[in-house]
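Reading the structure
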Amino acid sequence: MSDSPVRYAPGWPGIPPRWTSSAKTGAGTALNQHSKVWFTISHGILNEVYFPRVDQACTRDLGFIVTSGNDFFSEEKRHCSFENKPFEAGVPSYELINTELKGRYRIRKEILTDPYRNVVLQKIRFEPLQGQLSDYRLYALLSPHLANCGYDNTAWVGDYKGVPMFLADHDGTALALGSSAAWKKMSVGFVGYSDGWQDLSQHFEMQWEYQRAEKGNVACTGEIDLAACNGEFVLALGFGGIVTEAGQQVRSSLLENFDELRQLYVSQWKEWQDTLIRLDEPPREYDLYRASTAVLRTHESKDFLGGIIASLSIPWGFSKGDEDLGGYHLVWPRDLVETAGALLAAGAVTDAVRVLQYLEATQEADGNWAQNLWLDGRPYWGGVQMDETAFPILLLDLLRREAANELGKLDRWWPMVRSAASFILRNGPVTQQDRWEEDGGYSPFTLAVEISALLAAADIAELTGHTDVAPTLRDAADAWNDNIERWVYATGGDLAQQVGVEGYYVRISPADAATAASPTQGFVPIKNRPPGEGDNEAFRVISPDSLALVRFGLRAPDDPRILNTIRMIDALLRTQLPQGPCWYRYNGDGYGEHKDGAPFNGTGIGRAWPLLAGERGHYELAAGRSHEAEALLTMMESCTAGASRLLPEQVWDTDDIAALELFRGKPSGSACPLVWAHSEYIKLRRSLRDGKIFDQPPQTVQRYQVEKPSRQIFGWRFNNKCRSLPRHKTLRLVLLSPARVHWSIDNWKTSQDTNTRDTGLGIYTLDLPTASLPSGNHILFTFYWPEESRWEGETYEVVVE
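Now for a look at the structure at hand. Keep in mind that what you see is a predicted model, and the values were worked out from it rather than measured. Along each chain, the written sequence defines residue order, and numbers are assigned to residues from 1. Per-residue local features are limited, in this predicted model, to residues with pLDDT of at least 70; the limit for side-chain atom pairs, both in listing and counting, is 80 or more; totals at the level of whole chains, interfaces and linings are taken over all residues. Hydrogens and water molecules were not included; the side-chain quantities draw on all heavy atoms of the structure.

Re the packing of aromatic side chains
Quick note on the threshold: Pairing of aromatic rings covers Phe, Tyr and Trp, the last counted by its six-membered ring, and requires centre-to-centre distances within 6.5 Å; plane angles under 30 degrees mean stacked, over 60 mean edge-to-face, and any other angle means tilted. In DSSP terms, a helix is any run of H or I states spanning at least four residues, a strand is any run of E spanning at least two, and both are numbered starting from the N terminus. Relative accessible area decides the class of each residue, using a 1.4 Å probe on protein chains only: under 20% of the type maximum gives buried, over 50% gives exposed, and in between gives partly exposed. Whether a charge lies above a ring is judged from NZ of Lys or CZ of Arg, which has to be within 6 Å of the ring centre and within 35 degrees of the ring normal.
What the rule picks out here adds up to 35 aromatic pairs. Seen in terms of ring centroids, Y105 and F126 are 5.6 Å apart; in terms of plane orientation they differ by 25°. Their pairing is stacked. Remark: F126 occurs in strand β9 (residues 119-128) and Y105 occurs in strand β8 (residues 105-113); sequence separation between them is 21 residues. A residue is classified by how much of its surface remains accessible, and Y105, at 0% relative accessible area, is buried. For F126, a relative accessible area of 3% corresponds to the buried category. Both rings, one in W716 and one in F718, keep their centres 5.0 Å apart while their planes meet at 70°; by these two values the pair is edge-to-face. Chaining the aromatic ring pairs together yields one cluster made of W716, F718, F781, F783, W785 and Y796. When the ring centre of F445 is taken as reference, the NZ or CZ atom of R435 above it lies at 4.1 Å.

Okay, here's the thing in structure tokens:
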């Protein structure tokens, strides 16, 4: 046997690899640090399985093909109806029931991970509904995509200690697939040419038995000996750094009692769930609380503790190949803080603190956090989003208020806070990207988070004995808060006239809006739109983002400007779904399927986001309308598909397209589950129980809604070169390096030279005596930079309004 030539599969390298559907109906992992494998489910089969980290996908899918051997071919993911039942609430293990559409067979599965090993287990029962067991042939079909790659995989038919298995490896990662039932036939091939699907769809039985397929898009196909196992068996899909490790893991799992492994898996999850606040009492009809908390923990790393990825999915994955390396299995600091807040809202204090520790360890040297990152901290995209630098400060402040004993000494966290606050002071208030990762400028959402974080940082500074920097932090927060309407509130215009309001907050205003008379001037580049449709006037783009001004406490829910904006949001962005209202990110959004349902491919049409309904629910609660907030919670609960209890990023918002599985009010092809959406759901549950917004910073409410003291500082900085100054304000020059300022308030009739002050926070300031100047007065200034021994070479001018 050993002298026989290896039968190599033809058709190298196979068709271009693709990932699979992002509309997951299940995701799970053992709740311990031993089993470093995660699974996802869609269309009744295993989809991406992740190993050894939750940011590294290793398979496309693993499902079954059923034939009669002569004239019947059925692929369960295409030719069955699906039922999906979690074993127990809050335990991410599943019972799948796949029934052939014409009633010929049924496949039952129980799916979980081995709590001791890097193995995904499936207990399978094949049931003939027409004819006898002997009338059917059952084939397992596995598509390895090791180490986030579909190409360059090598698969072969082999064994571990005499136990036949499929083996595959790529780039230091390996898998093995074994069965408790005997394999009657085994073959590997290149997808689209010599794989088992091609063989079975043509011949209704395995006629190809290739032993090896190297460095391509490969698939493994094996026939189960149904007669020998009477239709019941266990499949074990194991992983390791090398194939012997993966094979050993598989053999070990197959030697264990499945029911005992299941009992341990369930008990570990139930033990954690029992520690949480019972926000699900009394239970709701379509309660998502326990499913949501499980989603949060399922997405956490087991090596980089506290690192939680955005989603175990790749949006529109069936149209994406190796070029989409990260998908959504990356860490977004904003999503991570939202998740930590939800964990805290559910009573999982230790887990929330673990997230803060992860953030502490992955902070960049400059004080910010990467736009998104691999679990080990490597940045993925290179943008800077100022809210992502501010959010960790707010998380620390929330933990300080809600769980001080678990947090430990506050002094430990001051270096992180100081560095982040310094970055905000040096680079804000403008942001290179808004929270939708598309446009730069002045964003109401980003401003709300920045200002809240600066006030929280000031409190933390005082509590840790750094009282000297607190005034600088509060002065900046106050100055930015005073300018919110100046930067992002538009008045007049045809949209305001159509809706019948005097003005409204825009989605974002260009970075040079501070030099213009109104944020309505200038253009906002709309991303994800076809060529020629990308620019729009700032005043024409509206977003629910402005509700953050209420969520974070900067404006009252009944502020007339907020009420005006609510009317604009509902006129332009609200859509009525079968289960209730939902909202779009902004008008003209292009991130979603095309009109015909084709997947997003760089352009498309933005669809409705369930998490925005949760944010609106928080606004309604703040406005004293808890019944409206409850209704929006119910709306979110109806956005899941079937019994999966998983919330998507977006839902389909127009007529059904059954052929594409797009149904109004149900998940689109975007990410599912979206951890952020589940986090918002949990926080809304907690807020409704408490009768107030759970994560609202108290500093902003006290300072801007209760005290409302007069603010004197008006800032000038190189990324915000104001041309005019309100009367009775002190002009503060904010610089990134020490300077000697040469300045005049009488058109150079007299002048003075004054050195800036080092604030200790990475900025250098000088206050000019402008509070008593009359309207029309000109303030002139330039700079000498002593560290470079040079003059600025330009004179700047600010006019008193």
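Remarks on helix α2 (residues 196-203)
Keep this limit in mind: Whether two residues are in contact is decided by their heavy atoms, any of which lying within 4.5 Å being enough. For the purposes of these results, a polar contact is taken to be a pair of N or O atoms within 3.5 Å, where, inside protein, one atom must be able to donate a hydrogen and its partner to accept one; residues adjacent in sequence count only when each atom of the pair is a side-chain atom.
Listed as buried for α2 are G196, Q198, D199 and L200. Looking at the buried positions of α2, the neighbouring elements they touch are β4 (59-67), β5 (73-75), β10 (137-144) and β16 (218-224). Between the side-chain oxygen of the N-cap and the backbone nitrogen of W197 there are 2.9 Å, and the N-cap of α2 in question is D195. Positive backbone phi, approximately 65°, marks F204, located one or two places after α2.

Quick look at the environment of V469
One can find V469 in the loop between α12 (444-463) and α13 (470-488). In sequence terms V469 and G760 are 291 residues apart; their C-alpha atoms lie 6.8 Å from each other. In contact with V469, not counting residues within four places along its chain, are W414, A461, T759 and L761.

Observations regarding the sheet that holds β9
The condition that has to hold: Only strands that DSSP links by at least two bridges are regarded as paired with each other. Axis definition: a line fitted to C-alpha atoms, limited for helices to the stretch in contact. Angles are taken between N-to-C directions and run from 0 to 180 degrees.
Taken in spatial order, the 9 strands make up an open sheet running β6-β7-β8-β9-β17-β13-β12-β11-β15, and their pairing is antiparallel. The sheet is open, and its two edges are formed by β6 (80-88) and β15 (212-216), each paired on a single side. Strand-to-strand, the axes of this sheet are offset by a mean angle of 20°, without reference to chain direction. With 3 bridges joining them, strand β11 (residues 153-160) and β15 adopt antiparallel strand pairing. Looking at the pairing, A155 lines up with A213 of β15. Across the sheet, helix α4 (residues 243-255) lies against β9, β11, β12 (163-170), β13 (173-179) and β17 (232-240), angled at about 150° from β17, the strand it touches most. The strands that helix α5 (residues 258-273) touches are β6, β7 (91-100), β8, β9 and β17; relative to β7, the one it contacts most, it runs at about 130°.

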